[in-house]
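Coordinate inspection notes
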Amino acid sequence: MIDYHSHILPQMDDGSQSMEESLEMLHQSFCQGVDVMVSTCHFYADEEDPKHFVDRRNQAFFRLRDAMATRAEAYPVIVLGAEVLYFPGIAEAEDIGMLTVGCRSSILVEPPMMPWSDSMLDEIAQLGENLGCRPVIAHVNRFMEHLHDETLIDRVLEREMLVQVNANYFLKPKTVKAAIRNLKNGKIHLIGSDCHDLISRPPNLGPVRRLMRVYRTETEFSILEQNAAGLLFPGGTL
């Protein structure tokens with residue numbers, strides 16, 4: 001499996017707060033069947049510029065990589081990216097292309113937790129055109145739930161942007177039916193754990209894969225991995 005959304009780099013944001021926590025999150029993910037994790041640390045344009053963020057992120061990654069090399073446990077491959085909080089002017093922002101994911105064919109954008117305007121969605125779509133990549137809207141399921149607006153997923157799709165949902169969309173009893181329906185209808189492109197720690201927001205893609213057997217949606221679920229591989233790796237293969 002490919003976890004497209006995670007916060008596993010140590011002391012980068014509100015995710016992992018230590019090297020040991022990062023290593024255990026990675027190991028738990030691997031044991032659940034995750035082969036690749038996209039590290040999507042939060043980027044806030046009002047706090048730092050892309051160059052500083054990337055330098056800070058790379059240093060955290062190198063420290064984690066070195067620590068992984070000293071351990072006997074198995075870990076997923078880490079692909080670097082960012083979770084970019086939308087801000088007005090994002091489409092034309094300087095150096096914003098430094099925050100693309102993997103081989104630069106996608107960028108993960110998090111809208112603010114408020115009603116979505118057409119102008120915001122149009123600007124995110126324009127960002128993709130300017131960068132020559134596919135915008136991915138982060139955890140659309142969370143916004144649908146908190147904003148009480150089930151139309152958001154269709155508004156993303158209308159602009160040919162990609163929908164990423166979190167694993168808990170499938171794991172929550174009150175949303176699992178909608179999640180399965182949207183999966184079957186091809187409205188979900190990518191899935192992530194959005195893991196931040198080991199307790200309150202742990203790695204959780206393994207339980208989702210088991211649930212796919214119950215709903216007989218293994219084929220549809222496998223398409224999410226194919227989508228992620230196509231974005232992350234030249235040629236679309238791991």
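Residues numbered from 1 in each chain as written. Predicted model: local features only at pLDDT ≥ 70, side-chain atom pairs only at ≥ 80, totals over all residues. Heavy atoms only, no water.

**Some thoughts on the packing of helix 7 (residues 176–184) against helix 8 (residues 205–215)**
Note the cut-off: Here the axes come from fitting lines to C-alpha atoms, over the contacting stretch only for helices, and the angles between their N-to-C directions go from 0 to 180 degrees. Where helices and strands are cited, they refer to DSSP runs of H or I of at least four residues and of E of at least two residues respectively, numbered from the N terminus. Put simply, angles under 35 degrees are roughly parallel, angles over 145 are roughly antiparallel, angles from 65 to 115 are roughly perpendicular, and the rest are oblique. Any two residues whose heavy atoms approach within 4.5 Å are treated as being in contact. When residue character is reported, Ala, Val, Leu, Ile, Met, Phe, Trp, Tyr, Cys and Pro are called nonpolar, Asp, Glu, Lys and Arg charged, and the others, Gly included, polar.
Orientation of helix 7 relative to helix 8, taken along the N-to-C sense of each, is 75 degrees, at an axis distance of 12 Å. Comparing their axes, helix 8 and helix 7 come out roughly perpendicular. Contacts from Val176, Ile180 and Leu183 in helix 7 reach Leu211, Met212 and Tyr215 in helix 8. Within the contact of helix 7 with helix 8, the residues separate by chemical class into 6 nonpolar, no polar and no charged.

**Looking at the nonpolar core**
So the rule is basically this: The set of buried Ala, Val, Leu, Ile, Met, Phe, Trp, Tyr and Cys residues whose side-chain atoms join them within 4.5 Å is what this entry labels a nonpolar core. The buried label applies to any residue whose accessible area, calculated with a 1.4 Å probe on protein chains only, is under 20% of its type's maximum; exposed applies above 50%, and partly exposed to all values in between.
If you look at the biggest cluster of nonpolar residues, it comprises 65 residues, and the most contacted ones within it are Ile8, Leu9, Leu99 and Phe170. Residues in contact with leucine 99, not counting those within four places in the same chain, are Phe43, Pro50, Phe53, Val54, Ala82, Val84 and Ile107. Grouped together as the second largest cluster of nonpolar side chains are 16 residues, Ile2, Val36, Leu108 and Leu232 included.

**Observations regarding helix 2 (residues 50–69)**
Formally: Under the convention used throughout, the expected extent of a helix is 1.5 Å for every residue step, that is, one less than its residue count. This arc corresponds to the set of directions leading from the helix axis out to the C-beta atoms. Polar contacts, as used here, are pairs of N or O atoms within 3.5 Å; protein pairs need one atom able to donate a hydrogen and one able to accept it. Residues neighboring in sequence count only if both atoms are side-chain atoms.
Here helix 2 is 20 residues long and its end C-alpha atoms lie 28 Å apart, about the 28 Å a rise of 1.5 Å per residue gives. Among the residues of helix 2, those classed as buried are Pro50, Phe53, Val54, Arg57, Ala60, Phe61, Leu64, Ala67 and Met68. Take helix 2 and look down its axis: the buried residues cluster within an arc of 150 degrees, on one side only. Elements that come into contact with the buried residues of helix 2 comprise helix 1 (19–31), strand 2 (36–43) and strand 3 (77–85). For helix 2, the N-terminal cap is aspartate 49; the gap from its side-chain oxygen to the backbone nitrogen of lysine 51 is 3.0 Å.

**Notes on helix 8**
Within the sequence span of helix 8, burial applies to Leu205, Gly206, Val208, Leu211 and Met212. Buried residues belonging to helix 8 abut strand 1 (2–6), helix 6 (168–171), helix 7, strand 7 (190–192) and helix 9 (218–232). Trailing helix 8 by a residue or two, arginine 216 shows a phi angle of about 55 degrees, which is positive.

**Quick look at the layout of surface pockets**
To keep things clear, this is the line we draw: Think of a 1 Å grid over just the protein atoms. A cavity is a set of points where a 1.4 Å probe fits yet cannot get out, a pocket is an open set with protein on both sides within 12 Å along at least five of seven lines, and lining residues have an atom within 4 Å of a point. Grid points are joined across faces, edges and corners, and a volume is the space filled by probe spheres set on the points.
One number sums up the size of the largest pocket: a volume of about 190 Å³. What lines the largest pocket is a set of 13 residues, among which Arg142, Asn166, Asn168, Asp194 and Arg201 lie closest to the centre. Residue contributions to the lining of the largest pocket peak at 4 residues, all from helix 4 (residues 140–146). Here the lining of the largest pocket is built from residues that sort into 1 nonpolar, 7 polar and 5 charged.

**Here we look at the packing of aromatic side chains**
Definition in use: Pairing of aromatic rings covers Phe, Tyr and the six-membered ring of Trp, with a centre-to-centre limit of 6.5 Å; geometry is then stacked below 30 degrees between planes, edge-to-face above 60, and tilted otherwise.
Going through the model one piece at a time under the given rule, you end up with 4 aromatic pairs. Ring geometry for tyrosine 169 and phenylalanine 170: centres 5.9 Å apart, planes at 65 degrees, overall edge-to-face. Of the two residues examined, tyrosine 169 and phenylalanine 170, each falls in the buried class.

**So, the packing of helix 1 against helix 2**
Using the following cut-off: If you view the pair so one helix is near and one far, a crossing is left-handed when the near helix is turned anticlockwise from the far one by less than a right angle, and right-handed when it is turned clockwise.
Viewed as axis vectors pointing N to C, helix 1 and helix 2 meet at an angle of 65 degrees, and their least axial separation amounts to 10 Å. Taken together, the axes of helix 1 and helix 2 lie roughly perpendicular to each other. Note on packing geometry: the crossing formed by helix 1 with helix 2 is right-handed. Note on element contacts: helix 2 touches helix 1 through Arg63, Leu64, Ala67 and Met68, opposite Met19, Ser22, Leu23 and Leu26. Its residues placed into classes, the contact of helix 1 with helix 2 shows 6 nonpolar, 1 polar and 1 charged.

**What to know about the sheet that holds strand 1**
Let me state the cut-off plainly: Only strands that DSSP links by at least two bridges are regarded as paired with each other.
The strand order across the open sheet built from 7 strands is 1-2-3-4-5-6-7, with neighbouring strands paired in parallel fashion. Strand pairing shows two members of the sheet lacking a second neighbour, strand 1 and strand 7, which therefore form its edges. Mean inter-strand twist for the sheet, computed between neighbouring axes without regard to direction, equals 30 degrees. Both strand 6 (residues 162–166) and strand 7 contribute to a ladder of 3 bridges, which runs parallel. The partner of valine 165 across the bridge, within strand 7, is isoleucine 191.

**Observations regarding the environment of serine 22**
On the secondary structure map, serine 22 appears in helix 1. With 103 residues separating them along the chain, serine 22 and alanine 125 place their C-alpha atoms 33 Å apart. Those residues within four positions of serine 22 in sequence are excluded, and the remaining contacts are Ile8, Leu9, Pro10, Ser16 and Leu64.

Interpretation in functional terms is not warranted from these geometric data alone.
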